[in-house]
Amino acid sequence: MENNRRNFLKTASATGLGLLASNPFAAYANTPEEMAQVYEQANRTRVQKFNMSGYAAPKLDKVRIGFIGLGNRGMGAVERMNKIEGVEIKALCDLRAEKVNAAKKLVEASGHRPETYIGSPEIWKKLAERTDLDLIYILTPWAFHTPMAVFSMEHGKHVCVEVPAAKTIEEAWQLVETSERTKKHCMMVENCCYDFSELLTLNLARNGFFGEIVHGEAAYIHNLQEYIFSKTHFYQLWELHEMYQRKGNLYPTHGLGPICQVMNINRGDKMEYLTSMSSSDFVLGNLAKELAAKDDFYKPYVDKQFNGNMSTTTIKTHKGKTIMVQYDVSSPRPYSRIQLVSGTKAVGLKYPEPARYSTGHEWMSAEEYKALEQKYLPPIVKKMGEIAKNVGGHGGMDFLMDWRTIDCLRNGLPLDQDVYDAALWSCIAPLSGWSVAHRSNSIDVPDFTGGSWKNNAPVDISMTKGGTTKAKV
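In this text the structure is predicted, and so the values were computed from the model without any measurement. (Residues numbered from 1 in each chain as written. Predicted model: local features only at pLDDT ≥ 70, side-chain atom pairs only at ≥ 80, totals over all residues. Heavy atoms only, no water.)

Asks: Explain the nonpolar core to me, using residue names and the numbers behind them.
Replies: Counting 139 residues, the largest nonpolar core has F67 and Y137 as the members making the most contacts within it. Setting aside residues no more than four positions away along its own chain, Y137 makes contact with I65, G66, F67, I68, A77, R80, M81, C160, V189, M401 and D402. I221, M310, M324 and L349 belong to the second largest nonpolar core, which has eight residues in total. (Core = buried A, V, L, I, M, F, W, Y, C linked by side-chain atoms within 4.5 Å. Buried < 20%, exposed > 50% of the residue type's maximum accessible area, 1.4 Å probe, protein only. Contact = heavy atoms within 4.5 Å.)

Right, here's the structure in full:
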């Protein structure tokens, strides 16, 4: 029965008929051809060529970095790397001269002498082709993440790439295949895995506080209305274009990444399948009309079929556990990543803040929480927490992430996030789009590890190795 259902869905996608006599894609930007490709790539199987999970690349005494993209996230990354020992900032790239010049001025004050790459849409390739770089940090709009990451690995560089690392399942597979072939790290810089609360929850899980973890919830709920339509915030309005060109859970990784680490996804368990549902758009289309009535600049966006307000995805794992992931950037709601971990002995929840834990019907008191935090304070927070808070970046988690990455590279240690994490966490977006377009039918989640998830070791949070890199503060 299941095989027959899947064969029907695959045929329906390929023909554009879907599950209705009328075209189910009429309300969605994704074409039938794109949907058919999502299904095909989701069901792809592959023999792993080399296991990048737990792989320790040769240690680097000095990590020579080139940055591509110096916008909202890029300048912050440059500022943080400028404060880490053993880093040499050698190259800076952006389309806008003022962004490059500002970054150059900042790092030159610390003794760095970077080359600059400005203007041409293809000039980033010149940076990636250099032979004196070890790591390329990619902080561009989403569409460029995979092409730039693949090209950089092909030219012998490790890669840190902003979230999401891939927009399509095919791109996710490209990242995996290239990383395995070149033996270069491809780390999606999911900073929320280094949030102090999420790290505490992870350490509690490792110490058995939750018992057997049964269910997790994650989200990215962030009212971005004014930014999505801003002429200056997202360069060339790239995120506005994403919001009408694609549908579903477009930005799943902030909430999902920490939940996957807690549940040892790709490292003892794996995602099996998901189903997704989205509301209609009740905000962005109306906002486009309101803006266009006052400013002709916005007229091309009138009557676009925008992504719905709320997207909800549910995932089943191989071991029978469940995950719920939500995405909403257009409703007037307080910021939330949810972060719920529910086990057989206890539950943890962050958002609304403060974070809290419970082993019964009531949440722990503030005093009980503080005692728990002191007992299970994660080793990385003990070592670098106060420094990270002083440097900043979302309360310090950005600096913890970059410091940890550099320290691993300098000590020849595996990175906390590997290419399989980058591919899996990112692929929820296209998979959810397929499910939404097919009346919330389920779709398999590809196993990017090629079966090695059964034996891959959990992320090492012990800090028994490394930790030798200093901060320049």
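Having seen the structure, we can now continue with the description.
Asks: So, the packing of aromatic side chains: which residues are in play, and what are the values?
Replies: Taken as a whole, this structure holds 20 aromatic pairs when the rule is applied. With a centroid separation of 5.5 Å and an interplanar angle of 40°, the aromatic rings of Y39 and W434 are classed as tilted. Of this pair, Y39 sits in helix 2 (residues 32-42) while W434 sits in helix 16 (residues 419-437), and the two are 395 residues apart along the sequence. Accessibility expressed as a relative area gives 0% for W434, which makes it buried. (Phe/Tyr/Trp six-rings, centres within 6.5 Å; stacked < 30°, edge-to-face > 60°. Helix = DSSP H or I, 4+ residues; strand = E, 2+ residues; numbered from the N terminus.)

Asks: Tell me about the environment of P141, and please be specific about residues and values.
Replies: Relative to the helices and strands, P141 is located in the loop between strand 4 (135-138) and helix 6 (145-154). Each C-alpha atom of the pair P141 and W173 lies 20 Å from the other, and the pair is 32 residues apart in sequence.

Asks: Which residues make up the sheet that holds strand 6 (residues 186-188), and what are the values?
Replies: Read from one edge to the other, the open sheet built from six strands follows the order 3-2-1-4-5-6, with strand pairing classed as parallel. The open sheet terminates on both sides in strands that have one partner only, identified here as strand 3 (115-118) and strand 6. Each strand axis lies, on average, 20° off the axis of its neighbour in the sheet, ignoring direction. Strand direction decides the pairing type here: strand 2 (residues 87-94) and strand 3, joined by four bridges, are parallel. Following the sheet pairing, C93 is matched in strand 3 by Y117. (Pairing = 2+ DSSP bridges. Axes fitted to C-alpha atoms, helices over the stretch in contact; angles between N-to-C directions.)

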